[in-house]
Amino acid sequence: QVQLVESGGGLVQAGGSLRLSCAASPRTFSRHGMGWFRQAPGKEREFLANLRWIDGYTWYADSVKGRFTISRDNAKTTVYLQMKSLKPEDTAVYYCAADQKGSTLYNDNYVRESAYDSWGQGTQVIVSS
């Protein structure tokens, strides 16, 4: 199982921006997709974004379309979540996840936690009003 580590979380004012990073150990590994999820206190874990590895195609939850962007660096070693126009309701622990088996390539499985093999420990994002 690959190890994933999120970073870049912190405290930000409403309307501000933040970029989260997801680094892997080993730095490169075979994968079919990467996803970002979040979990707010008292709520279920929520799908945010998915990146299909073969071509970089992306999908987004309606709640973050136009505000959040999932991407990878040129070396394909790090995945990012660029967040802008942040709102207090974005406050949550943010997780990155990897699909190594190809489950996220079928139907709408990319929105399901069960489609991902490896998860990071999460990074806290707090948006103040």
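Below, the structure is looked at part by part. Numbering of residues starts from 1 in each chain and follows the order in which that chain's sequence is written. Local features in a predicted model are, by the rule used here, given only for residues with pLDDT of at least 70; side-chain atom pairs are given and counted only at 80 or more, and totals for whole chains, interfaces and linings are based on all residues. Computation of side-chain values: all heavy atoms of the structure, hydrogens and water removed.

**Examining the nonpolar core**
Put simply, a nonpolar core is a bunch of buried Ala, Val, Leu, Ile, Met, Phe, Trp, Tyr and Cys residues held in one set by side-chain atoms that sit within 4.5 Å of each other. Think of it in three bands: with a 1.4 Å probe and only protein chains considered, a residue is buried below 20% of the maximum accessible area for its type, exposed above 50%, and partly exposed in between. Residues L4, W36, L81, M83 and Y94 are the most contacted members of the largest nonpolar core, which totals 35 residues. Within the residue set of this core, elements represented by two or more residues are β3 (18–25), β4 (33–39), β5 (46–52), β7 (68–72), β8 (78–83), β9 (92–99) and β11 (123–128). Contacts are residue-level and defined by heavy atoms, with any inter-residue pair within 4.5 Å sufficient. Those residues in contact with L81, other than ones at most four positions away along the chain, are L18, R19, L20, W36, L48, A49, F68, T69, I70 and Y94. Helix and strand assignments come from DSSP, with helices taken as H or I runs of at least 4 residues and strands as E runs of at least 2, each series counted from the N terminus.

**Things to note about the state of the cysteines**
When two cysteine sulfur atoms are found within 2.5 Å, that pair is recorded as a disulfide. Overall, the coordinates contain one disulfide when judged by the stated rule. With a sulfur-sulfur separation of 2.0 Å, C22 is cross-linked through a disulfide to C96. The disulfide joining C22 to C96 has a torsion of about 60 degrees about its S-S bond and is therefore right-handed. Placement of C22 in strand β3 and of C96 in strand β9 is noted, with a sequence separation of 74 residues between them.

**With respect to the packing of aromatic side chains**
Geometry of aromatic contacts follows a simple scheme: Phe, Tyr and Trp rings, the Trp one being its six-membered ring, pair when their centres are within 6.5 Å, and the pair is stacked under 30 degrees between planes, edge-to-face over 60, tilted otherwise. Enumeration over the complete set of coordinates arrives at seven aromatic pairs. For the ring pair Y116 and W119, a centre distance of 6.0 Å and an interplane angle of 70 degrees mean the geometry is edge-to-face. The exposure class of Y116 is buried, given its relative accessible area of 5%. W119 gets classed as partly exposed once you look at its relative accessible area, which sits at 23%. Only lysine NZ and arginine CZ atoms are considered, and such an atom sits over a ring when it is within 6 Å of the ring centre and within 35 degrees of the ring normal. Here the guanidinium or amino end of R31 rests over the ring plane of W53, the centre of that ring lying 4.1 Å away.

It is worth stressing that arrangement in space is one thing and function is another; only the former is reported here.
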